[in-house]
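Residues per chain are reported as follows:
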Amino acid sequence: MDSYESAPQHIASSRLKDYFIGATPLQKRLESVRKQTSFVPTPPRRKIPQCSQLQEDNDPQKVAFLLHKQWTLYSLTPLYKFSYTNLKEYASLLSAFIAAEKQKGLAVEVGEDFNIKVTFSTLLGMKGTQRDPEAFLVQILSKSQLPSENREHKVLWTGWFCCIFGDSLLETVSEDFTCVPLFLANGAETNTAIVGTWFQKTFDCYFSPLAINAFNLSWMAAMWTACKMDQYMAATEFLWSVPCSPQSLDISYAIHPEDAKALWDSVHKTPGEVTQEEVDLFMDCLYSHFHRHFKIHLSATRLVRVSTSVASAHTDGKIKILCHKYLIGVLAYLTELAIFQID
Amino acid sequence: MSVLRPLDKQPGLNTATILLVGTEDALLQQLADAMLKEDCASELKIHLARSLPLPSDVNRPRIDLIMFVVNLHSKYSLQNVEESLRHVDATFFLGKVGFLAMGAGQESHCSIHRNTVTKLANTYRSPVFFCDLEREGFRATVAQRLVRMLQICAGHVPGVSALNLLSLLRNSENPAPEDL
């Protein structure tokens, strides 16, 4: 009786295995939705960010304005019928929309009435592979009405859309859609909301804020510490939030970046890759060192902020990239998180 | 001597005992209260422990079911459970051990990936239940489920044994998790 019951199960499981090996990502995703399991568990290993070939073409001056700024992250579903040739038209449509919204009194700007100018431009070289769509930038500038000689355009708000190594998403959408799942915004919340509304209406897409949980923050800490740096600009810092009543406590832990790198090197085994065990070991070393001195179990608290010389990230979905060399690497990981959130 | 064995004591008359192991003291206490509110023909005894091994100088009844509670927001709770698992005899894992993973709903607060707990449960060939112990309604559902499971493990349900239940729970899962 028992052998009869177990045999069909064995055949079924081996058939499923073969199916999974040959299946395309779309088939796998459909299969997992049908069985209601979650596909793509965290990959056990990821590549350490390196300087990619495409990035060498990148002019450091052109992307310098992307560094040292705090960006708020959103994930974005694919845009329907978006065309890179119509950027000027989109710019004028968006500026008309913003002017209309401001007149409605929904977004009240304190100060004198001034003209808004919107620009759309592509960011060349901000992609992982040739398949990735071009990244593009939207800026809201103010045109000063003062009769002075200096007609400077002050940047009020910046937002940019990109897709770095987004193969898993690109394979599943049809030709009409443009996949730029990662959206980064800097500037007033009201402007982000207005631009978001316009995009959602025009391209039938959906923005959602991208939060980064403690698990992903510790991966970021390990990957960024693993990056080879000639010169360290900032200490490696962590911030934990302790859940306790009435107010939560924050614990901040700063390490000299070279010590952090030395710790990482002692943990790291496979060259060029980061594994889950190495990340766990790296963090456990920090936790046990802290426990030895302060008798506090950091592993029972929640990691909310990680700051290294490469970049710094906050759990609310805020990121600041400090190093031009690893810009693509940081964005690749964020794109992965954004795609995972869309799914 | 500090290893828990399933059959080293005589069973109490019409008594079923569950041991809940986990670092979340307040939530375990609330879960225990919810379980005691359930209608049950057997007399329920609920033991709470932060970790194993249990102190050996206390006279306690035979334990019928152990549930290890992991909070996905806290790596410390997972490490605690992994440490405690060492103090449980292998024969306990024939249907008398289970894992409760809480906090999966708040993805932004998670320090541990769900699959880590699933893999742990698969290694020990035991079922894992994802639950929310903070909200009363969900807690009551989990309590109900645990009480039924406890009755089976204590042998109070005629015709079903702990091992039967374990193989029933295993069959309903898809085979893929074995490969994870």
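- Chain B appears in an unreviewed UniProt entry as Centromere protein M from Vulpes vulpes.
- Of the comments in the UniProt record for chain B, the one headed Subunit (unreviewed entry) reads "Component of the CENPA-NAC complex, at least composed of CENPA, CENPC, CENPH, CENPM, CENPN, CENPT and CENPU. The CENPA-NAC complex interacts with the CENPA-CAD complex, composed of CENPI, CENPK, CENPL, CENPO, CENPP, CENPQ, CENPR and CENPS."

- The name recorded for chain A in an unreviewed UniProt entry is Centromere protein L, from Vulpes vulpes.
- Per its UniProt entry, chain A bears the Sequence similarities (unreviewed entry) comment "Belongs to the CENP-L/IML3 family."

Topic: the overall build of chain A
So, point 1. Helix and strand content of chain A: 11 helices and 15 strands.
So, point 2. In chain A, once contacts between residues fewer than 6 apart in sequence are set aside, the share between residues at least 24 apart is 70%.
So, point 3. Total accessible area computed for chain A in this model is approximately 18,000 Å², and 54% of it derives from carbon and sulfur atoms.

Some points on the state of the cysteines
All names here are of chain A.
So, point 1. Summed over all chains, the structure comprises 0 disulfides over all chains.
So, point 2. Summary of cysteine pairing: Cys 205 is not part of a disulfide, and the nearest cysteine sulfur, belonging to Cys 179, is at 11 Å.
So, point 3. Unpaired in terms of disulfides, Cys 227 finds its nearest cysteine sulfur in Cys 323, a separation of 7.6 Å.
So, point 4. By relative accessible area, which is 1% here, Cys 227 ends up buried.

Some thoughts on the nonpolar core
All names here are of chain A.
So, point 1. Core analysis: the largest hydrophobic core is formed by 61 residues, its most contacted members being Trp 160, Ile 319, Leu 331 and Leu 334.
So, point 2. Among the elements that line this core, the one with the most residues is helix α8 (residues 214–226), at 10 residues.
So, point 3. Leave out the neighbours within four places in its chain, and Ile 319 touches Lys 69, Gln 70, Trp 71, Leu 73, Leu 184, Trp 224, Ser 312, Ala 313, Val 330 and Leu 334.

Basis of the calculations
- Residues numbered from 1 in each chain as written.
- Chains lettered and ligands numbered in written order.
- Predicted model: local features only at pLDDT ≥ 70, side-chain atom pairs only at ≥ 80, totals over all residues.
- Heavy atoms only, no water.
- UniProt positions renumbered as here; feature names shortened; annotations may be inferred.
- Helix = DSSP H or I, 4+ residues; strand = E, 2+ residues; numbered from the N terminus.
- Contact = heavy atoms within 4.5 Å.
- Areas by Shrake-Rupley, 256 points an atom, 1.4 Å probe, with all protein chains shown as cover.
- Disulfide = S-S within 2.5 Å.
- Buried < 20%, exposed > 50% of the residue type's maximum accessible area, 1.4 Å probe, protein only.
- Core = buried A, V, L, I, M, F, W, Y, C linked by side-chain atoms within 4.5 Å.

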